[in-house]
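Chain and residue survey
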Amino acid sequence: MIYISRKEHFNAAHKLYNPKWTKEKNAEVFGPCANENWHGHNFELIVTVKGKPDPDTGFVADLKKLSTMIREEVIEKLDHKNLNMDVDFMQGKLASCENLVMEIWKILEAKLPSVTSYGKLHSVRLYETPRNYVEYFGE
């Protein structure tokens, strides 16, 4: 099995805030991430596809096509946006990285057949900071 990965970047703001809780409880649980005026991150997204290489090209997936698909379907919807307010697929969801990475998975899994017949989505890794990331395997 071959694993190929593509790394993309986007900047976005969000706020971690549960509307069912008081302002005090949100501050207690989420700390500065519950800031009323939002906060931002320089996100790094790593998408990994697994499969056997196409016998005609030697590719599991054409990385240029994969990159274009990721940018069109995900990055353009997230870059320089407020995750809580501007992103349709995050409406009604807490804008945690965990929820965000699951939504990104759904989009990519549905679109991946347009760029490869040989690969399947293996993982989506989302770095919120250089030291904090979440990774999802579709489970």
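Description of the structure in this document. (Residues numbered from 1 in each chain as written. Predicted model: local features only at pLDDT ≥ 70, side-chain atom pairs only at ≥ 80, totals over all residues. Heavy atoms only, no water.)

To continue, consider the pattern of salt bridges. Once their charged atoms are close, side chains differing in charge can pair, the charge on each being opposite to the other. Scanning all chains against the criterion turns up four salt bridges. Of the charged contacts in the structure, one is a salt bridge between K23 and E36, with a shortest N-O distance of 2.4 Å. Of the two residues, K23 is situated in helix α1 (residues 23-30) and E36 in the loop between α1 and β2 (39-51); the sequence distance between them amounts to 13 residues. Relative accessible area serves as the criterion here: at 48%, K23 is assigned to the partly exposed category. Classification of E36 as partly exposed rests on a relative accessible area of 48%. (Salt bridge = Lys/Arg side-chain N within 4 Å of Asp/Glu carboxyl O. Helix = DSSP H or I, 4+ residues; strand = E, 2+ residues; numbered from the N terminus. Buried < 20%, exposed > 50% of the residue type's maximum accessible area, 1.4 Å probe, protein only.)

Relative orientation of the contacting elements helix α2 (residues 63-78) and helix α3 (residues 97-111) amounts to 150°, with a least axis distance of 10 Å. With respect to each other, α2 and α3 are oriented roughly antiparallel. Of the two elements, α2 crosses α3, and the hand of that crossing is right-handed. On α3, the residues touching M69, I70, E73, V74 and L78 of α2 are L100, I104, I107, L108 and K111. Per-class residue counts for the contact of α2 with α3 are eight nonpolar, no polar and two charged. (Axes fitted to C-alpha atoms, helices over the stretch in contact; angles between N-to-C directions. Parallel < 35°, antiparallel > 145°, perpendicular 65-115°, else oblique. Left-handed = near helix turned anticlockwise from the far one by under 90°. Contact = heavy atoms within 4.5 Å. Nonpolar A, V, L, I, M, F, W, Y, C, P; charged D, E, K, R; others polar.)

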